[in-house]
Amino acid sequence: MASATISSLGVGSGLDLQTLYTNLENAEKTKLTTITNQQTSYNAQLSAFSKLQSAMQTLNTATAALSKTDTWNATAVGSTNNSFTATTATGATVGSYTVQVKSLAKAQVLTTASQTSATSQLGTTTGGTRTITIGQAGSTKPLTVTLDDSDTSLNGIASAINKANGNVTATVIKAKDGDYTLMLTSKTSGTANDMTVSVTGDSTLQSIIGYDSSTHTGVMNQQTASQNSQVIINDITIERSTNTITDALPGITLSLKNESTSSENLNVTRAADTTQKAITDWVTAYNALQSTITSVTKYVKVDAGESQSANNGALIGDSTVRSVQSQLRGLLTEVQSGSYAILAQLGVTQDTATGADGSLGNLKVDSTKLSKALTDNPEAVQEYFTGDGKTTGLATQMGTTLTNMLSTTVGKEGIIKNATDGINTTLKTLDNRYDAMEANIEATMARYKAQFTNLDTLMSKMNNTSTYLKQQFSSSSS
């Protein structure tokens, strides 16, 4: 009797072994589900810590801004002036200055005598070249332009000079038909940028555009004489080649507009708005962190006997989060030395009401009170936040605390790094458990399959034997 060939579990025996095998396999795989659920939970915790870390870094940046000297030394121009405008930058000193604009800087302008055509060649036609050289004391290298015979028209000269892209611009002006003038203008104002124009290799062209500014001789006309700007600041005369003066008063740029016969007052004041914005930005960042903490530790109440809600925060009850929150809140109540000892004196208080997102202890700002403090005694407000820059001052203390919490330096890891490292270690352990469990399940199912296959084969043989015997007994009886 030939043995039966088994292509699917139960075919030979007539038993539903395939369904039994599938049910056993599904039962075994539930062991993996437990592990994957744990992995999902820990990955959610990593994501929540990432959000927490980002909010803490934002607060740390806002806190650092309150520790910077530039934040407290920011200045603004408190006066409106007619003959000049002023802007301030880092280093500007608060104070009042008298400013009189005696003269504005001007750039030299030279023009040729009238020519009958803008396109006719003006130089000699020898088949050679000639070089125009324009020197300026303020330029390290003179502008040189080489012209062919065909380029010696007014248009050709202007085009060649402009293409050279030096410190001079050239323009051909048409007064009327048959009346054309070449105008050369220094791009830079001041007497140091007067132009001396000479032509080598073409005496004819030299006789049309040659000019020596050192002696004010030549065939060109000085249409506009150069001039330096002069400004009298607190009875001290300042002279520059430009109308934008950046180096007379530290941190102050003067842009001259008009000459004046009398002095104007320039008032430089503290930029209270800049400082107030830095404080409100810090409050916003602190409240954003509280909102993040509320989100990642959220608890959704359920009825008795029900399982925990899937909407709970991933870090509910986490000790690291509680430590972050309690340490930062504790710093807000630290009493600082100086005229302002607590935040409330500056108009910044903790809100006892629950926020719209469920957060507690958010800060709120009384803008009027804060503005008054910054106006009345800005140095005291600065002292409250910066202290000695090492151990005192709210911003100094909070900056140190946040930096330590967020540290990733080997040997000095902060609590966030320690927490996430612990989660990552657990995830690696779960990965190994999953791989081992998966291999164990595969071995178990392989063993089941072999046993079912053997059973199916045996049952098939027994069924075949039974059929054979029935046939023999039937034949013998006949």
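Residues numbered from 1 in each chain as written. Predicted model: local features only at pLDDT ≥ 70, side-chain atom pairs only at ≥ 80, totals over all residues. Heavy atoms only, no water.

### Overview of the sheet that holds strand β16 (residues 252-256)
What counts is decided by this rule: Two strands qualify as a pair provided that DSSP identifies no fewer than 2 bridges between them. Here a helix means four or more residues in a row that DSSP labels H or I, a strand means two or more in a row labelled E, and each is numbered from the N terminus. An axis is simply a line fitted to the C-alpha atoms; with a helix, the fit covers only the stretch in contact. Between two such axes, the angle follows the N-to-C directions and lies from 0 to 180 degrees.
The strand order across the open sheet formed by three strands is β2-β16-β15, and the pairing between neighbours is antiparallel. Both edges of this open sheet fall to β2 (84-88) and β15 (244-249), since each of them pairs with a single strand only. Neighbour-to-neighbour, the strand axes of the sheet open up by a mean angle of 30 degrees, direction not taken into account. Pairing geometry for β2 and β16, over five bridges, is antiparallel. Paired with T88 across the two strands is I252, which belongs to β16.

### Brief notes about the sheet that holds strand β3 (residues 95-103)
As summarised here, the arrangement of the five strands in space is β1-β17-β3-β13-β14, forming an open sheet in which the pairing is antiparallel. Only two strands of the sheet have a single partner each, and these edge strands are β1 (75-77) and β14 (236-240). Taken pair by pair, the neighbouring strands of this sheet meet at an average axis angle of 30 degrees, ignoring direction. Of the pairings in the sheet, the one linking β3 to strand β17 (residues 264-270) comprises five bridges and is antiparallel in character. Within the sheet, the bridge partner assigned to S96 lies in β17 and is N267.

### Comments concerning the confidence of the model for the protein chain
Formally: What pLDDT expresses is the predictor's confidence in each residue, scored from 0 to 100. Residue contacts follow a heavy-atom distance rule, with two residues in contact if any of their heavy atoms lie within 4.5 Å.
For the protein chain, per-residue confidence averages 90 on the pLDDT scale, and residues scoring 70 or more make up 94% of the total. The model gives residues 1-7 a pLDDT under 50, and that stretch makes 10 contacts with residues more than four places away or in other chains.

### Here's the deal with the packing of helix α6 (residues 319-332) against helix α10 (residues 415-477)
Heads up, the rule is: By the definition adopted for this analysis, an angle is roughly parallel if under 35 degrees, roughly antiparallel if over 145, roughly perpendicular if from 65 to 115, and oblique otherwise. Just so you know the grouping, Ala, Val, Leu, Ile, Met, Phe, Trp, Tyr, Cys and Pro go in nonpolar, Asp, Glu, Lys and Arg go in charged, and all remaining residues, Gly too, go in polar.
Interhelical geometry of α6 versus α10 gives an angle of 170 degrees and a closest axis separation of 10 Å. Overall, the two elements α6 and α10 adopt an arrangement that is roughly antiparallel. Between α6, through T320, S323 and V324, and α10, the contact on the second element is made entirely by I415, I416 and A419. A breakdown of the residues in the contact of α6 with α10 according to their chemical character gives four nonpolar, two polar and no charged.

### Points about the pairing of strand β6 (residues 143-148)
Note the cut-off: Note on classification: 1.4 Å probe, protein chains only; a residue is buried when its accessible area is under 20% of the maximum for its type, exposed when over 50%, partly exposed between these limits.
Of the two faces of β6, only the one carrying L143, V145 and L147 is buried; T144, T146 and D148 on the other face are not. Summarising the sheet, strand β5 (residues 129-136) and β6 pair through six bridges and their orientation is antiparallel. Residue pairing across strands places I134 opposite L143, the latter belonging to β6. Between the end of β5 and the start of β6, which pair antiparallel, lie six residues.

### Some words on the packing of helix α5 (residues 272-296) against helix α7 (residues 367-376)
Where we set the bar: The handedness criterion is simple: a crossing whose near helix is rotated anticlockwise from the far helix by less than a right angle is left-handed, and one whose near helix is rotated clockwise is right-handed.
Two elements in contact, α5 and α7, have axes whose closest approach is 10 Å; the angle formed by their N-to-C orientations is 130 degrees. In terms of orientation, α5 lies oblique with respect to α7. Helix-helix and strand crossings are classified by hand; for α5 and α7 the assignment is right-handed. In this structure, α5 uses A272, T275, Q276 and I279 to contact α7, whose residues at the interface are S367, L370, S371 and L374. The class makeup of the residues in the contact of α5 with α7 is four nonpolar, four polar and no charged.

### Quick look at the environment of I316
Its place among the elements puts I316 in the loop between α5 and α6. Leaving out residues up to four positions away in the same chain, I316 has contacts with V296, T297, K298 and Y299.

### Describing the environment of Y211
Structurally, Y211 can be placed in strand β10 (residues 211-212). Taking relative accessible area as the criterion, Y211 reaches 6% and is therefore assigned buried. When the C-alpha positions of Y211 and V300 are compared, they lie 89 Å apart, and in sequence the two are 89 residues distant. Once you skip the residues sitting within four places of it in the chain, Y211 turns out to touch Q108, L110, M195, T196, V197, H216, T217, G218, M220 and Q222.

### Observations concerning the packing of aromatic side chains
The following threshold applies: Ring pairs are drawn from Phe, Tyr and Trp, using the six-membered ring of Trp, whenever the two centres fall within 6.5 Å, and their geometry is named by plane angle: stacked under 30 degrees, edge-to-face over 60, tilted for the rest.
On inspection of all chains with the given rule, the structure shows four aromatic pairs. The interplanar angle of 35 degrees and the centroid separation of 6.4 Å between the aromatic rings of W282 and Y286 together place this pair among those described as tilted. Of this pair, W282 and Y286 both sit in helix α5, four residues apart, roughly one helical turn. Put simply, the rings of W72, W282, Y286, Y384 and F385 pair up and form one aromatic cluster.

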